[in-house]
Amino acid sequence: MDVRESIKNLIQEALSSLDLEMSGEIHLERPANSEHGDWSTNIALAAAKKAGSNPRDLANEFKRVLEELSLEGISEIEVAGPGFINFYLNKSWLHDVLVQVVNAGSENWARLEEGEGRKVIVEFVSANPTGPLHAGHGRGACYGDSVARLLERSGYSVSREFYVNDRGTQMDLFASSLAACVSGRDIPEDGYHGAYIKEWADEISEDDDPFVWGKQRALDAHKEVLSDLNIEFDSWFSETSMVESGAIEETLTMLGEANASYHKDGAVWLKSTEYGDDKDRVLVKSDGEYTYLLPDVAYHLDKLVRAERLVNVWGADHHGYITRMKAAVESLGHDPARLDVEVTQMVNLQRSGEEVKLSKRTGDIVELSEVVKEVGPDAARFTYLLQSIDTTQTFDLDLVSRRANENPVFYVQYAYARIRSMMKKADQVGFAPIPLSAVDLSQLQHHRELSLIRSLHELPDIVARATRELAPHQITTWLRDFAGDLHGFYHDCRVLGDDVEPSLTQARFVLMQAALIGLEVGMHLLGVSAPEEMWRDEIQDEEGDR
RNA sequence: GCCCCUGUAGCUCAGCGGAUAGAGCAUCGGCUUCCGGAGCCGUGUGCGCAGGUUCGAUUCCUGCCAGGGGCGCCA
């Protein structure tokens, strides 16, 4: 049984013997400050009022009872602060954790069962095939993929989907813009005027249909840059395919039959106000063309059949559509709670602190491919996932492309490469690891060593919370902290060397194996590579004197 | 006017209702007989404002102020 469960049970026993009832879960946490023990509970604070005594006194009561019950492995129980009860454990529990981590390996450590194989579709990016992805799409792309990775690790069966709006007004405008450019005519006023239109028009041949060719050209561009970012979709779901299958008309009929729509002014409207929207929304325009909404509703119905849970990643400019989409879903009898819409706030590009509005190359909006090319895929992903999607992001191209210490991705990757390098060295000097069961892990008593193990033990909880909250930046934060612990350990504790006891070398080697596992798990969840080695840029070699 | 997000250190950001609010960068100062110095250690300043809920609020609720985004028979 997990330590935490054991302690919880112990507290439960104490509650009964004190004749107290607690509603809800017993709150047990790892104190932020290690001077407050290994585990801590606020049970006395929470129960004081009901018990009619002050928290400190009640905590001392608890302490007395807990000590009577006693539990193997607990070395000390103390009452502290306003009435916290802190538990100190024998270090052996941490050494046991190390064995668990190494046995699980990077494949299974912090792998959870919570999803129980349930199917979830993560839909993200879904940009129109009318032009290249821009820097802002990168955030949604990296976020969506990382959320998918989290869900996978938490036991869900995940499908990554890209919804392709390959028909309608915007596509027509895009095709006519391309055609105009090819034949030397002026691009229509409301058409696409980006610099890429000219570049693409140069590639097109006379036999090609601008609509068909243009769509494919845009999709190819999307796939290429996403692939550079280590993102692969399971499905590219075409809007046109739903016209062909009749799914859109079917959806329209279903909405009518559900009395969720009505005709007015020659258009068909969704009664979204019945579900909290400001106004009703048009499904079919008076000219007979669908708005974007109707096909998207049809798409969501399709997804709801295929998966138990849907996660959508939308840009901040789409937040207003959440209500109407949920309205449509609910009016057709589906539980809107099955649909999670996550909104990513905007990205502001900078270069050395100066706002970057336009691309140097095209004089147009900055393309995602330019960002990836300039900073590299690992730095791009790590940076996009550095902070909560709820905040507007400042992305400094200059800073992120720097192969230097102020760039957090290298701080983390370097920690990994450093251990790898040490292990290579170990191999060279003829170090031979003995079987795990023969290693005396109790030698690990240094605070650097213990804090590494504590962090590793925390990782499954971090993964669980990041999954629950769909917040991959929590993984990023953990990695940065863990890398810091690792550099600290590396500085203070040597693994190899004549002055290190062979048995200590063995123990620390196991610790390092476990550390690699932690880093691999974290970096994999972010989609960032774990390099075996890293070397400085030549420029920096010239600058440095070593 | 309505809706969404944000406001925490000089800057970029963490912070699952709890104890002395943390990182990185920047500043200043230290650390090489040794596994990679892209590292380590030290150094001080902060929860936008006002109420409320609570034993306890940076965290939850309300109002206000400030910044960003959205309010189309565009997507």
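Residues numbered from 1 in each chain as written. Chains lettered and ligands numbered in written order. Predicted model: local features only at pLDDT ≥ 70, side-chain atom pairs only at ≥ 80, totals over all residues. Heavy atoms only, no water.

1. What about the overall build of chain A?
Next up, step 1: Tallying secondary structure elements over chain A gives 20 helices and 15 strands in all.
Next up, step 2: Viewed in the frame of its principal axes, chain A has a C-alpha envelope of about 85 × 70 × 40 Å.
Next up, step 3: Residues classed as buried in chain A amount to 51% of the 546 residues present.
Next up, step 4: Contacts spanning at least 24 positions in sequence make up 71% of the contacts within chain A whose residues lie at least 6 apart.
Next up, step 5: When the accessible surface of chain A is totalled, it reaches about 26000 Å², and 46% of it is carbon and sulfur. (Helix = DSSP H or I, 4+ residues; strand = E, 2+ residues; numbered from the N terminus. Buried < 20%, exposed > 50% of the residue type's maximum accessible area, 1.4 Å probe, protein only. Contact = heavy atoms within 4.5 Å. Areas by Shrake-Rupley, 256 points an atom, 1.4 Å probe, with all protein chains shown as cover.)

2. A short note on the confidence of the model for chain A
Next up, step 1: When the pLDDT values of chain A are averaged, the result is 92; 97% of them are 70 or greater.
Next up, step 2: The model gives residues 538-546 a pLDDT under 50, and that stretch makes 3 contacts with residues more than four places away or in other chains.
Next up, step 3: Our summary of model confidence lists the complex with pTM equal to 0.95 and ipTM equal to 0.95. (pLDDT = per-residue confidence, 0-100.)

3. Here's the deal with the packing of helix α5 (residues 135-153) against helix α19 (residues 502-526)
Next up, step 1: It is the contact of α5 with α19, at a shortest axis distance of 7 Å, that shows an interaxial angle of 130°. Regarding the angle of α5 to α19, the classification is oblique. From α5, S146, R149, L150 and R153 reach across to α19, where they touch V521, H524, L525 and L526.
Next up, step 2: Tallied by class, the residues present in the contact of α5 with α19 amount to 4 nonpolar, 2 polar and 2 charged. (Axes fitted to C-alpha atoms, helices over the stretch in contact; angles between N-to-C directions. Parallel < 35°, antiparallel > 145°, perpendicular 65-115°, else oblique. Nonpolar A, V, L, I, M, F, W, Y, C, P; charged D, E, K, R; others polar.)

4. Side note on the environment of L399
Next up, step 1: For L399, the position within the fold is in helix α15 (residues 397-401).
Next up, step 2: With 122 residues separating them along the chain, L399 and V521 place their C-alpha atoms 26 Å apart.
Next up, step 3: With residues up to four places along the chain from it excluded, the contact list for L399 reads E406 and N407.

5. Remarks on the sheet that holds strand β2 (residues 39-41)
Next up, step 1: The strand order β1-β2-β4-β3 describes an open sheet built from 4 strands, whose pairing is antiparallel. The sheet terminates laterally at β1 (28-29) and β3 (74-80), the two strands that pair on one side only.
Next up, step 2: Pairing geometry for β3 and strand β4 (residues 84-89), over 6 bridges, is antiparallel. Paired with I77 across the bridge in β4 is F87. (Pairing = 2+ DSSP bridges.)

6. Considering the sheet that holds strand β10 (residues 281-284)
Next up, step 1: What the 3 strands build is an open sheet, ordered β8-β9-β10; its pairing is antiparallel. Because the sheet does not close on itself, it has two edges, and the strands there are β8 (261-264) and β10. The average undirected angle you get between the axes of adjacent strands in this sheet is 45°.
Next up, step 2: Note: strand β9 (residues 267-270) against β10, 3 bridges, orientation antiparallel. Its bridge partner lying in β10, W269 is registered against V282.
Next up, step 3: Relative to the sheet, helix α11 (residues 293-306) contacts β9 and β10, its axis offset from that of β10 by approximately 80°.

7. Some points on helix α13 (residues 368-375)
Next up, step 1: Burial in α13 covers these residues: L368, E370, V371, V372 and V375.
Next up, step 2: Here the buried face of α13 lies against α5, α8 (210-228), β13 (347-351), α14 (377-384), β15 (393-396) and α15.
Next up, step 3: In the segment just after α13, G376 is the residue with positive phi, at about 90°.

8. Side note on the pattern of salt bridges
Next up, step 1: Scanning the entire structure with this criterion turns up 31 salt bridges.
Next up, step 2: Notably, a salt bridge pairs R309 with D340, separated by 3.2 Å at the nearest N-O pair. Of this pair, R309 sits in strand β11 (residues 309-315) while D340 sits in strand β12 (residues 339-344), and the two are 31 residues apart along the sequence.
Next up, step 3: For R420, the salt bridge is made with E532, and the minimal N-O distance between the two is 3.5 Å. With a gap of 112 residues between them, R420 in helix α16 (residues 408-428) and E532 in the loop between α19 and α20 (538-543) connect regions that are remote in the sequence.
Next up, step 4: Linked through salt bridges whose partners overlap, the residues forming this network are D145, R149, E152, R160 and R381. (Salt bridge = Lys/Arg side-chain N within 4 Å of Asp/Glu carboxyl O.)

9. Some remarks on the packing of α11 against helix α12 (residues 321-331)
Next up, step 1: Between α11 and α12, the least distance of the axes is 10 Å, while the angle of their chain directions is 55°. The orientation of α11 with respect to α12, classified from their angle, is oblique. As α11 packs across α12, the resulting crossing turns out to be right-handed. Contact with α11, carried on its side by L293, D296, V297, H300 and L304, involves R324, M325, A328 and V329 of α12 and no other residues of that element.
Next up, step 2: Of the residues contributing to the contact of α11 with α12, the split by class is 6 nonpolar, 1 polar and 2 charged. (Left-handed = near helix turned anticlockwise from the far one by under 90°.)

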